[in-house]
Amino acid sequence: MASSTCIPSTFTPILHNLTARNSMTMVGLLSYAPKTLRPLSLPKSFGFSSLSTAAKPPRKFFQLQVRSVATPAEAVAGFDDMVAGTQRKYYMLGGKGGVGKTSCAASLAVKFANNGHPTLVVSTDPAHSLSDSFAQDLAGGTLVPVDGPEAPLFALEINPEKAREEFRNVSQKNGGTGVKDFMDGMGLGMLAEQLGDLKLGELLDTPPPGLDEALAISKVIQFLESPEYSMFTRIVFDTAPTGHTLRLLSLPDFLDQSIGKILQLKQKISSATSAIKSVFGQEKPQMGAADKLEKLRERMIKVRELFRDTDSTEFVIVTIPTVMAISESSRLHASLKKESVPVTRLIVNQILPPSASDCKFCSIKRKDQMRALDMIQKDTELSGLTVIQAPLVDVEIRGVPALRFLGDIIWK
Ligand SMILES: Nc1ncnc2c1ncn2[C@@H]1O[C@H](COP(=O)(O)OP(=O)(O)OP(=O)(O)O)[C@@H](O)[C@H]1O
């Protein structure tokens, strides 16, 4: 089957060279025709084997060597399903550190935008790399437009520390030392002892791992409630590494419980202090903060619902072909399944191309990778997932053209 596509005429000589060496050279560079276009038909079933960099972009995307590697992604991934409809959908990409979560998330966001979806890509990983991936400064915790794609694409890097600080302030006013001091001052020591039942002190002093992530996602939900965000029909999350994600899944329940207790206590404090106030004329505790806490609790419940909503949400696991990464992905999938989080796709990233067999080191490495891929087929957790194989390319995936390039390989 041939697919019609375009090549910038300014780069034709390079294409000719490549074509002369190998007639299957062209697939990867076709998407990167920026201004002057010339239609060209090429077989769709060729994959990339490597990409080499020239001095200046976008030229580097035209020095591409392609072999007739059938891209397994093609038959199974179903990007058409992902892009269909204007109802808002959320995609969460997660996996072990360094496997390519950010690159895959950013490439998906670019692809959605280029398919007409106003898209938001959000990083909730405390170690943000979206800015690096888009080669643009996206820091600051607000919506930043990404230059390049056809439909609007915005990025948001949530600052989890700031979110935690906010939470801490609010909680302290309601049930932490703020309330404790207040109650001690009021001679309400007995009531203060009830604070011992709360896991709140523990929560504030040694925040459970994953709290940052939960708060970051809760922050996103807060943003999404505002009209400014209503335009987005696709929202892609670049999440923190596996450990955080697993802890995050159990966290909403934990926080929900803790906050529920705080709010009950607030009720008691409120009635006790109003009685005292009527005698001594003291100030009431600040109730605005409790409302904020209630809001946080509501958002936590929404986070939990969002993660489990099969109609609008999909969690995509990203891995690499090593035994360690695949074992971790298997555990991640088991945990996601247990929590009823919808998962259908597994991206196996950074697969060495067959051409790597020319080098002894690469050839051994590739054999290892093939064994790891076999492991997926035998793994009871992973074998049922749609596996998308993405090649290791020999240039860093940075900037919208590069992400578009990667996106066209992965998301088909
Ligand atoms: N298929 C690929 N081919 C070549 N390089 C890749 C590929 N995928 C990712 N990379 C590179 O690997 C590095 C790590 O990728 P990325 O930041 O996407 O991983 P991550 O899983 O988000 O990492 P972290 O867990 O640290 O956030 C980057 O330099 C990226 O350009």
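Our subject is the structure listed above.
Computed from a predicted structure; not experimentally measured.

What counts as what
Residues numbered from 1 in each chain as written. Predicted model: local features only at pLDDT ≥ 70, side-chain atom pairs only at ≥ 80, totals over all residues. Heavy atoms only, no water. Helix = DSSP H or I, 4+ residues; strand = E, 2+ residues; numbered from the N terminus. Contact = heavy atoms within 4.5 Å. Areas by Shrake-Rupley, 256 points an atom, 1.4 Å probe, with all protein chains shown as cover. Near = heavy atom within 4 Å. Polar contact = N/O pair within 3.5 Å; in protein donor to acceptor, adjacent residues only side chain to side chain. 1 Å grid on protein atoms, 1.4 Å probe; cavity = no way out; pocket = protein on both sides within 12 Å on 5 of 7 lines; lining within 4 Å. Sits in = over half its atoms within 2 Å of the grid points. Nonpolar A, V, L, I, M, F, W, Y, C, P; charged D, E, K, R; others polar. Pairing = 2+ DSSP bridges. Axes fitted to C-alpha atoms, helices over the stretch in contact; angles between N-to-C directions. Buried < 20%, exposed > 50% of the residue type's maximum accessible area, 1.4 Å probe, protein only. Expected span 1.5 Å × (residues − 1). Points joined across faces, edges and corners; volume = space filled by probe spheres on them.

Helix and strand counts for the chain stand at 15 helices and twelve strands. Counted over contacts in the chain with a minimum sequence separation of 6, partners at least 24 positions apart contribute 78%. Carbon and sulfur atoms make up 52% of the accessible area of the chain, which totals about 18,600 Å².

Around the ligand sit 16 residues in total, of which Gly98, Lys101, Thr102, Ser103 and Asn349 are the nearest. Isoleucine 397 has a polar backbone atom sitting 3.3 Å from an oxygen atom of the ligand. Coverage of the ligand by the protein amounts to 79% of the 630 Å² it exposes when considered alone. For the ligand, the cavity whose grid points lie within 2 Å of the majority of its atoms is the second largest pocket. Taken together, the elements giving at least two residues each to the shell around the ligand come down to helix H4 (101-114) and strand E11 (345-351). Classifying every residue of the shell around the ligand gives five nonpolar, eight polar and three charged.

Spatially, E7-E8-E6-E9-E5-E10-E11-E12 is the arrangement adopted by the eight strands of the open sheet, whose pairing is mixed. Where the open sheet ends on each side, the last strands, each with one partner, are strand E7 (144-145) and strand E12 (386-391). Strand direction decides the pairing type here: E7 and strand E8 (residues 153-157), joined by two bridges, are antiparallel. Opposite proline 145, over in E8, you have phenylalanine 154 as the bridge partner. Packing against the sheet, H4 makes contact with strand E5 (89-95), strand E6 (119-123), E8, strand E9 (234-238), strand E10 (313-319) and E11, and its axis sits at approximately 170° to E9. Where helix H14 (residues 360-378) meets the sheet, it contacts E11 and E12, and its direction lies at approximately 175° from that of E11.

Right, let's get into unusual backbone geometry. Of note in this structure, alanine 135 is not a glycine but carries a positive phi near 55°. You will see that serine 340, though not glycine, has its phi angle at about 60°, which is positive. Structurally, the position occupied by serine 340 is in the loop between helix H13 (323-338) and E11. Overall, the relative accessible area of 46% leaves serine 340 in the partly exposed class.

Helix length check: H13 (16 residues) gives 23 Å between terminal C-alpha atoms against 22 Å at 1.5 Å per residue, within 8%. Listed as buried for H13 are Ala325, Ile326, Glu328, Ser329, Ser330, Leu332, His333 and Leu336.

Another point: the layout of surface pockets. If you add up the space inside the second largest pocket, you get close to 430 Å³. Along its surface, the second largest pocket is lined by 22 residues, and Gly98, Gly100, Ser103, Gln350 and Ile397 are the ones closest to its centre. Elements with a contribution of two residues or more to the lining of the second largest pocket: H4, helix H5 (130-134) and E11. A total of three residues in the lining of the second largest pocket trace back to one element, the largest contributor, which is H4. Grouping the amino acids of the lining of the second largest pocket by side-chain chemistry returns eight nonpolar, nine polar and five charged.

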